[in-house]
Every structure is written in C-alpha cells, then in structure tokens.
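If you want the building blocks of each chain, they are given just below.
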Amino acid sequence: MNFTLFRYSCKKAFPLWLVFTVLMSLYAFAVVRMYDPVAGAALIRLTASLPQTMTILGMTNYANTFTAFIVNYLYGMLMLALPMVFTVILSVQLIAHHISTGTMSYLLASPNSRKRIAITQRTVLILDLFLMLAVCGIVTIALCEYYYPGQLAIKHFLLLTVCVFALQLAFAGMCFFFSCKSNSMVKALITNAAACILFYTIRLLANLGGSLSYLRFITPYTLIHPSGILQSDLRSCLLPLILLLIAMILFALANRIFQKKTMPF
C-alpha cells in the first residue's frame, strides 16, 4: 500500500465522509427521540393501518420494545440507503475520477504498481465505510443510554451493525469493480448508481411478497435478517458471511481488471 496516496485519498474523502456521517447521526438522534413507550401501541396500530407501505419499506417487524423500535426505524430504510450512496460517490472519486481526468497517468508513472494503487484506494473505501458505521453505531448507543439507559440490547445492536457493514462491503466491492472497469467518471457513476438503485428497488418489490417474493433471491438485502439477529438466530447471524465472500470476490475481480485494463491516455 502507498501511504502517501492513502493519506491524500483520505483527506479528499473526508468532507464527503463527514457529511454522510453527520446526516446518519442526526437521523439516529431523531429515531431515538421519536421513541415513546406510551405510544408503542399507537405505532403498532399505525403499522397495521398501513401494511403495504410498511412492508415495502421493510418496517414490519416492529415490536413494543426499545431495541426492536430502534432497529426497525434505523435499519429499515435510510441507514441502508445512505451508506450505499456514499459508496457510489466515493468509489468513483477514488478510481474512475483519476482515470477520467488523466491523473492516473501520474500515479502509474511513479514507482507504484497498479496492484498497489488499487489496494490503497480499496483500503480507503473500506476504512471510510467502517468508520462511518462505527461512529453512527457509537452515537446511537450513547444516545440510547443517555435517554433510555439500559433499554437497548447493545450486543445484538452491535452484531446487527456488523452485519450491515458486511452488506455495505458487498455494494462497495460492486461499485469499486465498475469504477475500475470504466474509463469515464460519468459512466462509472451512472453504472454504480443504476446497479445500487436496481438492487434496492428489487428489495422493495420483494418485500411485497406474493408473486414478487421470488425477487428476494436476487438481492443481497435478503441476507440480512434484523429480527432473526435480535433473537440470536444462528442462521441469521451466519448469512452475512456470504456477503463478505461476495465482497472479497468483487474486490479481487476489480483489482484484476484494473491491472489488465488499457488506460485512455
């Protein structure tokens, strides 16, 4: 790994990382403050009155417990979508941007192999994702302990956060792959965004069940079962390992493509 390039990429990525981390932390604050044990029954009735909407959003597992509430509203939608958007943008910034603008030629002219450059940029992407979810997880736990001490099942919450990180790594591998494959920054951005939106849309449709239930087999979101993880179900806790395997394969393919590709300069 090239530590000079690593520091430079981290510095360039920091403003983007900060914006998304703050947004996610603010959302976590809003979710924690929205909880009202007295209104628990009312929220259950709301879920029952809007079954289709809640099902599409993946927010049907609400139980009248604090941990279930936090998990349902935190990891039901935005905390899955925002890191994915961050990954789309950062992966393009780390690789496709340098290829498209021609600055990659300067990097390749230095005594650094393509493999070393790819590993460095990949490390920045993975580290930023990890720190983002870690900070948001710590903020959420701190808020929960401050406002509702002792009510959050911290071990289960941390385990779920790790599983969500595995999901985001799979998307990061996919986005990094397309960024390494593309010669145009715009093309890489469109391809990454389209692929992520497609999988997210498939998740929403699969949540409806019925004739569309088969769609759950073609989206990585199916490998995350928050309710099962909260209940310490072994299968639900092990499924994210498949996501880690997918991420490793995609990052390896991205590295290979980057080493073999013909640069547009």
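Chemist: Please explain the packing of helix H1 (residues 3-34) against helix H4 (residues 66-74) as it appears in this structure.
Modeler: Two numbers describe a pair of packed helices, the interaxial angle and the distance between the axes. Two numbers describe how H1 lies on H4: the axes approach to 10 Å, and their chain directions differ by 140 degrees. By the angle class used here, H1 and H4 are oblique. H4 is crossed by H1, and the crossing has right-handed handedness. Here Tyr-27, Ala-28, Val-31, Val-32 and Met-34 of H1 lie close against H4, whose contacting residues are Phe-69, Ile-70, Tyr-73 and Leu-74. Residues that form the contact of H1 with H4 fall into these classes: nine nonpolar, no polar and no charged.

Chemist: Help me out: how do you make sense of the side chain of Gln-168 in this one?
Modeler: The residue Gln-168 is located in helix H8 (residues 154-181) in this model. When near neighbours in sequence (up to four residues on either side) are disregarded, Gln-168 contacts Met-79, Leu-80, Pro-83, Met-84, Leu-129 and Leu-133.

Chemist: What's the story with the packing of helix H5 (residues 78-101) against H8 in this structure? I'm lost.
Modeler: One way to put it is that H5 packs onto H8 with a least axis distance of 9 Å and a crossing angle of 30 degrees. The angle between H5 and H8 falls in the class roughly parallel. H5 and H8 meet at a crossing whose hand is right-handed. The segment H5 lies against H8, with Met-79, Leu-80, Pro-83, Met-84, Thr-87, Val-88, Ser-91, Val-92, Ile-95, Ala-96 and Ile-99 engaging Val-164, Leu-167, Gln-168, Phe-171, Ala-172, Cys-175, Phe-176, Ser-179 and Cys-180. Tallied by class, residues from the contact of H5 with H8 come to 16 nonpolar, four polar and no charged.

Chemist: Got a minute to help me understand the nonpolar core in this structure?
Modeler: The nonpolar side chains of soluble globular proteins are, as a tendency, buried together. In terms of nonpolar packing, the biggest core is built from 75 residues, with Ile-70, Leu-74, Phe-86, Phe-157 and Phe-258 touching the most fellow members. Sorting the residues of this core by element identifies H1, H4, H5, helix H7 (114-147), H8, helix H9 (185-206) and helix H12 (240-260) as the ones contributing at least two each. Sorting elements by how many residues they give to this core places H8 first, with 16 residues. In contact with Phe-157, other than residues within four places in its own chain, are Ile-70, Val-71, Leu-74, Tyr-75, Gly-137, Thr-140, Ile-141 and Leu-152.

Chemist: So what exactly am I meant to see when it comes to H12 here?
Modeler: Counting along an α-helix, one turn takes 3.6 residues, and residues three or four places apart therefore face a common direction. A rise of 1.5 Å per residue sets the reference length of H12, with its 21 residues, at 30 Å; its end C-alpha atoms lie 31 Å apart and thus fit the reference within 8%. Looking at H12, one finds that the buried residues are Pro-240, Leu-243, Ala-247, Leu-250, Phe-251, Ala-254, Asn-255 and Phe-258. In a view along the axis of H12, the buried residues occupy a sector of 140 degrees, so they form one face of it. Among the exposed residues of H12, those pointing more than 90 degrees away from its buried face are Met-248, Arg-256 and Lys-260. Next to the buried residues of H12 lie H5, helix H6 (104-109), H7, H8 and helix H11 (234-238).

Chemist: How should the environment of Tyr-147 be read in this particular structure?
Modeler: Mapped onto the fold, Tyr-147 is located in helix H7. In this structure Tyr-147 comes out as partly exposed when scored by relative accessible area, which is 29%. Sequence separation between Tyr-147 and Tyr-35 is 112 residues, and the spatial gap between their C-alpha atoms is 9.9 Å.

Chemist: Whenever I open this one, unusual backbone geometry confuses me. Can you help?
Modeler: The phi torsion of most residues other than glycine is negative, and most of the peptide bonds are trans. Of note, the phi angle at Ser-232 is positive, near 60 degrees, even though the residue is not glycine. Mapped onto the secondary structure, Ser-232 falls in the loop between helix H10 (226-230) and H11.

Chemist: Is there a simple way to explain the packing of aromatic side chains in this structure?
Modeler: Considering all chains together, one arrives at 13 aromatic pairs under this definition. On the basis of an interplanar angle of 45 degrees and a centroid distance of 5.4 Å, the ring pair of Phe-171 and Tyr-221 is categorised as tilted. Note that Phe-171 is positioned in helix H8 and Tyr-221 in the loop between H9 and H10, a separation of 50 residues in sequence. Residue classification places Phe-171 among the buried positions, given a relative accessible area of 2%. Ring-pair connections join several aromatic residues into one group, and the members of that group are Phe-171, Phe-199, Tyr-200 and Tyr-221. Here Arg-33 stacks its cationic end above the ring of Tyr-147, 4.1 Å away from the centre of that ring. One residue, Arg-203, lies across the ring of Tyr-221, its end atom 5.4 Å from the ring centre.

About the thresholds
- Residues numbered from 1 in each chain as written.
- Predicted model: local features only at pLDDT ≥ 70, side-chain atom pairs only at ≥ 80, totals over all residues.
- Heavy atoms only, no water.
- Axes fitted to C-alpha atoms, helices over the stretch in contact; angles between N-to-C directions.
- Helix = DSSP H or I, 4+ residues; strand = E, 2+ residues; numbered from the N terminus.
- Parallel < 35°, antiparallel > 145°, perpendicular 65-115°, else oblique.
- Left-handed = near helix turned anticlockwise from the far one by under 90°.
- Contact = heavy atoms within 4.5 Å.
- Nonpolar A, V, L, I, M, F, W, Y, C, P; charged D, E, K, R; others polar.
- Core = buried A, V, L, I, M, F, W, Y, C linked by side-chain atoms within 4.5 Å.
- Buried < 20%, exposed > 50% of the residue type's maximum accessible area, 1.4 Å probe, protein only.
- Expected span 1.5 Å × (residues − 1).
- Arc of directions from axis to C-beta.
- Phe/Tyr/Trp six-rings, centres within 6.5 Å; stacked < 30°, edge-to-face > 60°.
- Lys NZ or Arg CZ within 6 Å of the ring centre and 35° of its normal.

Functional significance is not addressed by these values, which are geometric in nature.
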